[in-house]
Amino acid sequence: MTERADGVRTHCPYCALQCGTVLRPDRGGPAPLAVSGWPEFPVNRGALCGKGQHAVDLLDPAGRLATPLVRDGRGTPLRPAGWDEALRRVVEGVRATQTAHGRDAVGVFGGGGLTNEKAYLLGKFARVALRTSAIDYNGRFCMSSAAAAVNRAFGLDRGLPFPLADIAGTDCVLLVGANPADTMPPALRDFTRLAERGGRLIVVDPRRTRTAARADLHLRPLPGTDLALALGMLHIALAEGHVDEDFVAARTTGFEAVRATAMEYWPARVEGLTGVPAHQIRDAVRMFAQAPTGMVLTARGSEQHSKGTDTVHGWINLCLALGKAGRPYSGYGCLTGQGNGQGGREHGQKADQLPGYRSLTDPEARAHIARVWGIDPGELPGPGTSAYEMLDTAGTPGGVRALLVMGSNPVVSAPHAGHVERRLRALDLLVVADVVRSETAELADVVLPSAQWAEETGTLTNLEGRVILRHKAVEPPAQVRTDLEILSALAARLGRTEGFPADPRLVFEELRAASTGGRADYAGISYERISAEKGVFWPCPADEHPGTPRLFLDSFATPDGRARMVPVHHRPTAEPTDERYPLNLVTGRVLAHYQSGAQTRRVAAARAAAPEPYVEIHPATADRLGVAEGEPVTVTSRRGTVVAPARLTTDIRPDVVFMPFHWSGPGRVNTVTNPALDPVSRMPEFKVCAVHVAPVAAPRSRPPGRPCAATAVQAL
Amino acid sequence: MEVPVGRPVAREDGAARRVLVVGCGMAGARFVTRLAALSPDVRITVLDGEDRPAYNRTLLTGVLAGHHRPDDIALPLPPGIDLRTGVRVVAVRRATRTVVDSTGFEHPYGALVLATGSRPHHPWPRTRPTPGEHHLHTLDDCRHLTTDRADARTRAVVVGGGLLGVETALTLAARTHPVTLVHRGPHLLHRRLDGRAGALLRGVLEDAGVTVRTGTPATAPARGPGPSRVPLGDGDSVAADLVVVACGTRPRVELARAAGLPVAAGVVVDDTLASVGDPSVYAVGDCAEHRGVVHDTAVPAWQQAEVLAARLSGHDPHARFTGARTLTRLIAGDVDLAVFGEATTGIGTVHRGGARTDVLSVLDDRRRVYKKIVTRDDHVVGGILLGDLSTVDTVRRAYESTRRLPPDRLHLVSALGGDG
């Protein structure tokens, strides 16, 4: 136990806010530690949501993996094993696969919850120890569309170009496809302060979420039409003379082409495409344009589409045309989802990237990283395929035959999850390193038990681009190892005894050197500075550099310093509704749970607050379908059927149904979601697919409070 | 993976590799752009009588209002097409599959697409142009009109109280002209709106500074030097420095008719947008008549253009245009109006052809809000939303839907009713 009299100052294991927490010993309590908010940490200023308040419950040995597990053969159950056996199985499997099918037949699938050190070492492990091009991560399902657009438009991808607290200081926030009231509750304080200062909030969401209920104006577009809405708003801004011509002339390129595209989105047409009444679009434009400063913030609702990259460009174009970027309290930002969604995409676990947000195809970048890694640049593999494509082809000729999954649960979180599950079962070798026996671990041949947040030290980069440090506060269970220890041991057994330290500080020092000169430059960031300064914002290229809380104030990170406006057009969703599948399904999160639920479904308080998935349906739609409140319904797409009880609410459009995505089994909504990919970002279209909803054939009543079979939490 | 991509399919007609398009307005330009995107190797020739075609006609009143510069409303055209502007087509020779243009040049075609659009209807005989007399149908019209209304004290008369007339009058009034709107019908938009909506709309226009004269036709202004007067049918006359004639449009079908193609109000086409008299001739946009309807607005024209591009490119040889249930929208100044389908049906007209017709209406004098939904056999067949468009999405979905409405329909007119 690393103890300090006033507790250990660290961070929450969950979302991208990375709220500051204080851990103190709690020998009398149910967990070894008690958690409280860290009052001085600027992001949350002492506040914690329910998930964060119960984070220490995850440390309870009862809910987690205690030893490695191996499977002796297909169809046999996982059994406990020692580390030596487990690691030997992995290395033998990797060698056999690469001998038989080539190096790229071994894949690595990482996660946006891994620390920077793990993400970095995982990427290095793939390229140096495995020498495979096949590495990607679940951030592809999360941040890739915003990242692609922001890189192209601004030359640098950081979720928010300003500290979160700046939200309170702007005059108008246009929040698109984001529901922070449920996904990152402590951030609501900034929205409350915004309102107290007289700032306005416009929310764009097909549902009247708890966030939308706070808005001055709520636009409810049909799912998959945000891009048309953004273009329609720009059209009105042009017509009404709101464009900041001076800003456009001085700070941007490409406006004329963007103007030409926006002209095709006149109000009556956009109303027909989006379902948002024209007067509301106009009101939103005026409210946003007339505010002296303003921000557009998007999240997955707008991004997880087969046109997600273009949609983000649509919002960026609006910001740029109105001069609301590159200035204090103005700009486009993306609300990152996973705990290290930001850092996770900077350090080389992405198929096409090297540490420091470098491109794997850039010869200079390859040379630099090869130098740091002590290898020849020619040894570095090229870019691999994206996350869904790797899963989609897993176990097939040409696809990966062996897969190491670290910090991800694609059986629940990947689109078309039934198909993904079948592909994972077809692998010759599936290795899963995780804290809990997740649904993906259940399919594995080898399961490696990992340490978790409070048991190891490491940095993460939150949605603001603030690099923060989690401190080890408690020892992991005896047979549990950190991910760095696992990678270090595997690398050694694969012949790489050098270059894979298990000590996070050593890994971070190497990461700093690797990132030096890259777009995400961590060279001047140290554990000591992070602790002393409550986080350091990248880029921070030197020890004496103060870090960069606000980007783009003087110039954008493009070669000419100007933001690029990119002409984009609306297009229909990959799967429009039709007579057989007449409703649009959207997915999202609930307050009590996080991501695939692998962690939170094991927390009693979260289970009690939200025991099961549900299908949100408008009462008029429910009435037409013969669906009653609380009764199970089937939601069927071209890819499968899920079952969950109906929850009737007028807060959703009548042509849309909603399901949360935290559950497995019959209520796993990703069974039905559409893996249609964005051509640029390779982001799947999680956020809209065409479905058919029906009451379960034989209606039955169930006693209140008892979870239905479809949704029971899987036995641990 | 089920990403819908273009299926590489056989062209329905090899000769369709050479596509000739007559007219490069809303429908023609959209068609050409989509076709070139889907099938870059197809040879496209476009002939248009205007010197600067391919602009967004929907935005002409926006140009008049000063919201857009004329250059801004240009529609994109793909590179690599053979665009000939200022060239009229004088004949279609279907037997040889050629088209003769005004320069005498003969263009062969595999597929001929007529996108000739419409022309403004003129209410009185025009022997020669009258100074100060305008249409608002082309960008040139718009330029001339903008030049002529340079003086803020210019007295303007708009003849015709349809959608374009109302929008034009409001646009001119916003520029501080004394504006008179003369309409021969009993109330504004009398073919589309019922009397109650017409009266409310009149009030809105009057508040915006427009003098409205209904129930009387206008006739040709007297020619002569200086300001003229527009004589009205009731014996009165209105002083005018500027006259805008907005009396509706008629499909341009002369070419098709001369070529012997079946023409009713427009060039008669089937769901493939092919002429019912010649499968290698197509028509889209304002000049086409589909299932007895001439869709004279941009959104259906673009839908038709996209369907035809999908067919002729081979991208989707089964693409069909099966009609469009569009809401006509007027969004100008303080006017927010949607009207669609059979909106003039009076309350109490409960049976029509044996089917039960019902009218749901709400009138709020204070807010000058009027909403009316006409249903037949529990399906929405028409309606009016004036002044409060909060339920426009609900109404649009109900109008597009083939499903029966529930007995309680208040959600169509009130957001408080819960939007079914």
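Residues numbered from 1 in each chain as written. Chains lettered and ligands numbered in written order. Predicted model: local features only at pLDDT ≥ 70, side-chain atom pairs only at ≥ 80, totals over all residues. Heavy atoms only, no water.

Chain B carries the name NAD(P)/FAD-dependent oxidoreductase in an unreviewed UniProt entry, which gives Streptomyces phaeolivaceus as its organism. Under the UniProt heading Cofactor (unreviewed entry), the entry covering chain B gives this text: "FAD". (UniProt positions renumbered as here; feature names shortened; annotations may be inferred.)

Per an unreviewed UniProt entry, chain A is named Molybdopterin oxidoreductase family protein, and its organism is Streptomyces phaeolivaceus.

With respect to helix H8 (residues 392-400) of chain B
Buried residues dominate H8 of chain B, accounting for eight of its nine residues. Buried within H8 of chain B are the following residues: Val392, Asp393, Thr394, Val395, Arg396, Arg397, Ala398 and Tyr399 of chain B. Where H8 of chain B is buried, its residues touch helix H10 (267-274) of chain A together with strand S21 (328-332), strand S22 (335-341), strand S25 (369-376) and strand S26 (379-386) of chain B. (Buried < 20%, exposed > 50% of the residue type's maximum accessible area, 1.4 Å probe, protein only. Helix = DSSP H or I, 4+ residues; strand = E, 2+ residues; numbered from the N terminus. Contact = heavy atoms within 4.5 Å.)

Quick look at the domain arrangement of chain B
By the assigned domains, chain B splits into domain 1 (14-119 + 250-313), domain 2 (133-245) and domain 3 (328-417). Taking only C-alpha atoms, the centre of domain 1 of chain B and the centre of domain 3 of chain B are 34 Å apart. (Domains from an automatic or database assignment.)

Let's talk about the sheet that holds strand S6 (residues 106-108) of chain B
All names here are of chain B. Taken together, three strands build an open sheet; the order of strands is S4-S5-S6 and the sheet is antiparallel. Edge positions in the sheet fall to strand S4 (89-93) and S6, since each has one partner strand and no second. Strand-to-strand twist across the sheet, computed as the mean angle between neighbouring axes with direction ignored, equals 20°. In this structure, strand S5 (residues 98-101) lies alongside S6, joined through three bridges in antiparallel fashion. Bridge pairing in S6 links Thr98 to Pro108. (Pairing = 2+ DSSP bridges. Axes fitted to C-alpha atoms, helices over the stretch in contact; angles between N-to-C directions.)

What to know about unusual backbone geometry
For residues besides glycine, phi is generally negative; the peptide bonds are generally trans as well. All names here are of chain A. Cis peptide bonds are those with omega within 30 degrees of zero, and the linkage from Trp538 to Pro539 qualifies with 0°. For Pro539, the location among the structural elements is in the loop between strand S21 (536-537) and strand S22 (563-564). Although it is not a glycine, Tyr357 adopts a positive phi angle of roughly 60°. Mapped onto the elements, Tyr357 comes out in the loop between strand S14 (353-354) and strand S15 (358-359).

Here's the deal with the packing of aromatic side chains
Residue and element names in this part refer to chain A. Going through the model one piece at a time under the given rule, you end up with 13 aromatic pairs over all chains. When the centroid spacing of 6.4 Å and the interplanar angle of 50° are considered together, the rings of Tyr614 and Phe658 count as tilted. A residue pair is termed long-range when its members are at least 10 positions apart, and Tyr614 in the loop between helix H21 (604-609) and strand S24 (615-617) and Phe658 in strand S27 (residues 656-660) qualify at 44 residues. Among the aromatic residues, those joined into a ring-pair cluster are Phe109, Phe141 and Phe686. Stacked on the ring of Phe288, the Lys or Arg Lys324 has its end atom at 5.7 Å from the ring centre. (Phe/Tyr/Trp six-rings, centres within 6.5 Å; stacked < 30°, edge-to-face > 60°. Lys NZ or Arg CZ within 6 Å of the ring centre and 35° of its normal.)

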